[in-house]
Amino acid sequence: MKQIDELPISPSSAGVYEHGWQSWSPSTTYGVGDRPHRPLSDRNRMLCYHPDRRTSADVFWGEGLLAIDAGDGSGIRVYGAPHSRSAKAAIRAELVGDTMVVSSDGPVNVHFDTAAPSMDSALAGWADRFASASGVAGVRQAPTIWCSWYQYFVTVTEADMIENIDAIQRNDLAIDVIQLDDGYQTAHGDWLSLSDRFGSLESIAEKIKSTDRRAGIWLAPFLVFPDSELAQQHPDWMVGGATAPVHAGNHWGRDLLALDSTHPGAMEYLVEVFSTLHRWGYDFFKIDFVYAGAMQGGRYADVDPLDAYRSGLRTIRSAIGDSYLLGCGAPILPSVGLVDAMRVSPDTELHYQPIDGDMSQPSSRVAAMTGRGRAFQHGRFWVNDPDCLIARPSVERREDWADHIRNFGGLRGSSDRIADLDDWGLATTRELLGSSPTEPFIS
Ligand code: 9PG
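The structure displayed is predicted, hence computed values, not measured ones.

The rules we used
- Residues numbered from 1 in each chain as written.
- Predicted model: local features only at pLDDT ≥ 70, side-chain atom pairs only at ≥ 80, totals over all residues.
- Heavy atoms only, no water.
- Helix = DSSP H or I, 4+ residues; strand = E, 2+ residues; numbered from the N terminus.
- Buried < 20%, exposed > 50% of the residue type's maximum accessible area, 1.4 Å probe, protein only.
- Contact = heavy atoms within 4.5 Å.
- Areas by Shrake-Rupley, 256 points an atom, 1.4 Å probe, with all protein chains shown as cover.
- Lys, Arg positive; Asp, Glu negative; His and termini not counted.
- Charge placed at Lys NZ, Arg CZ, Asp CG, Glu CD.
- Axes fitted to C-alpha atoms, helices over the stretch in contact; angles between N-to-C directions.
- Left-handed = near helix turned anticlockwise from the far one by under 90°.
- Nonpolar A, V, L, I, M, F, W, Y, C, P; charged D, E, K, R; others polar.
- Expected span 1.5 Å × (residues − 1).
- Salt bridge = Lys/Arg side-chain N within 4 Å of Asp/Glu carboxyl O.
- Near = heavy atom within 4 Å.
- Polar contact = N/O pair within 3.5 Å; in protein donor to acceptor, adjacent residues only side chain to side chain.
- Pairing = 2+ DSSP bridges.

## Quick word on the overall build of the protein
- Across its full length, the protein carries 11 helices and 21 strands.
- Principal axes of the C-alpha set define a box for the protein whose edges measure 65 × 55 × 40 Å.
- Residues counted as buried form 60% of the 443 residues belonging to the protein.
- When contacts within the protein are restricted to residue pairs at least 6 apart in sequence, long-range pairs at least 24 apart make up 73% of them.
- A total of about 16000 Å² of accessible surface is found on the protein, and carbon and sulfur atoms cover 48% of it.
- Averaged over its 38 positive side-chain charges, the protein has a centre that lies 2 Å from the centre of its 59 negative ones.

Rendered as structure tokens:
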């Protein structure tokens, strides 16, 4: 780390904005006396934070972006990576007396905004420059979606899909895309092989299209179950190979492998998977857990993991024509220019508080905090996905969650069994899925 700045501050009124690595990493503004949110377990660190950094809560730490409001009216300093091709610098800020000492381990520009009326507007000004340096030409309006996840989770069935396609049609809901989430496949990696709860992905897409809607599907393209056919048949396609496989996290009760985005065979396989799904009628893709495409230890030691990640995303893009592409679990700044929409927060859930207290874990409180903290990205980098509306009566504090989507929802999605909605739930779903904004939330 090299020192890049020293900034005198007023401790009682100063604020520090920390930007987290990927979709699920906490991103918000703290008072200088606050202790920033850090992973409460190694499992959460791998899955939801920068997998290689063990950072103390005694210092502030931004991944590619950190900003300081000195609190004395002198303005806001934004320390940020220059563009998405080089967005890996960590930026550290430590309070020494009444001075913030800022250091970084890679290329960072400093923008001193003396006129910005708020942290948000300083970040927005920075984001405009970052987007244009990253080659973002404009923002593509999102379709409205229905997603199976927050109702059915991994036990979704083909019958659940049919029931909701019919209910959406019957209720005349303004939903453009019906998106099948995790649960249809036999194993991560074996994306074209179906669990016994599904008969045919092609016929689901046909059924959706017969109602004049579009079909969407979820995949975790860079994650592989060790017991999948893919891992068994092609151990050399995994990061680290057969001899030293790299640990890519633990979820769904398993230790996970990462698909090597620098391996030509692995990338040909991904092209085959995505182009087959596209041929079967899917033209909205939610690519999830894509942090695994940027794991250290790619097959060619001379390849930068972020270059590998970005080329992996471009490979996916090349296989799906002009389908709409939504990133999730994704390194945020390195993805700018490569996806149409991005999940900018951890998952929402039926409960308000994260079960283990970790601010990266599913719950509406943490989803709203980080979705708010990244509001400035909407309309500049892409369309922000704040995660789906869930509006059925069993959702804790459902009015607060709906307010968050009303204020900061770019991609508008619903994820309830339609038949479980009461009058308020149905009316709120109709209201919030009525439009999908592309204009920035923050000016
Ligand atoms: C499918 C889900 C949904 C969801 C994604 C992602 O850290 N965690 O425990 C954790 C739990 C769930 C999760 C991500 C992280 O959800 O965000 O929308 O697609 O995968 O498995």
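Next comes the rest of the description.
## Concerning the packing of helix α7 (residues 264–279) against helix α8 (residues 305–319)
- Two numbers describe how α7 lies on α8: the axes approach to 8 Å, and their chain directions differ by 35°. With respect to the hand of their crossing, α7 and α8 are arranged in right-handed fashion. Contact residues: α7 offers Met267, Leu270, Val271, Phe274, Ser275 and His278, while α8 offers Gly312, Thr315, Ile316 and Ala319.
- The class makeup of the residues in the contact of α7 with α8 is 6 nonpolar, 4 polar and no charged.

## Some thoughts on α7
- With 16 residues, α7 should reach 22 Å at 1.5 Å per residue; the first-to-last C-alpha distance of 22 Å fits that figure.
- Each element contacted by the buried residues of α7 is listed here: α5 (201–210), β12 (214–219), α6 (229–233), β17 (282–287) and α8.
- Gly281 lies just past α7 and shows a positive phi near 115°.

## Things to note about the pattern of salt bridges
- Enumeration according to the criterion identifies 25 salt bridges in this entry.
- Between Arg417 and Asp420 there is a salt bridge, with its nearest N and O atoms 3.0 Å apart.
- Judged by its relative accessible area of 29%, Asp420 falls in the partly exposed class.
- Shared partners join several salt bridges into a network, and the residues in it are Asp42, Arg45 and Arg54.

## Regarding the site of the ligand
- Around the ligand, a shell composed of 19 residues is seen, among which Tyr150, Asp181, Asp182, Lys286 and Asp347 lie nearest.
- Within the side chain of Asp288, one N or O atom sits 2.9 Å away from an oxygen atom of the ligand.
- Within the contact set of the ligand, an oxygen atom lies 3.3 Å away from a side-chain nitrogen or oxygen of Arg343.
- In the complex, the protein chains occlude 96% of the 460 Å² of accessible area that the ligand would expose alone.
- Every element with two or more residues in the shell around the ligand is listed here: α1 (42–48) and α3 (149–152).
- The element that contributes the greatest number of residues to the shell around the ligand is α1, accounting for 3 residues.
- Split by residue class, the shell around the ligand holds 10 nonpolar, 2 polar and 7 charged.

## A look at the sheet that holds β17
- Taken in spatial order, the 8 strands make up an open sheet running β20-β19-β18-β17-β12-β11-β10-β21, and their pairing is parallel. Every other strand in the sheet has two partners, leaving β20 (383–385) and β21 (413–414) as the edge strands with one partner each.
- Note: strand β19 (residues 341–343) against β20, 3 bridges, orientation parallel. Bridged to Met342 within β20 is Asn384.
- On top of the sheet, helix α4 (residues 158–170) reaches β10 (145–147) and β11 (177–180); it is set at about 165° to β11, its chief contact.

## Overview of the sheet that holds strand β7 (residues 90–96)
- Pairing is antiparallel across the open sheet formed by 4 strands, whose spatial order is β1-β8-β7-β4. For this open sheet the edge positions go to β1 (2–8) and β4 (60–63), each flanked by a neighbour on one side alone. Across the sheet, the mean angle from the axis of one strand to that of its neighbour is 20°, orientation sign disregarded.
- Where β7 meets strand β8 (residues 99–104), 6 bridges bridge the pair, whose relative direction is antiparallel.

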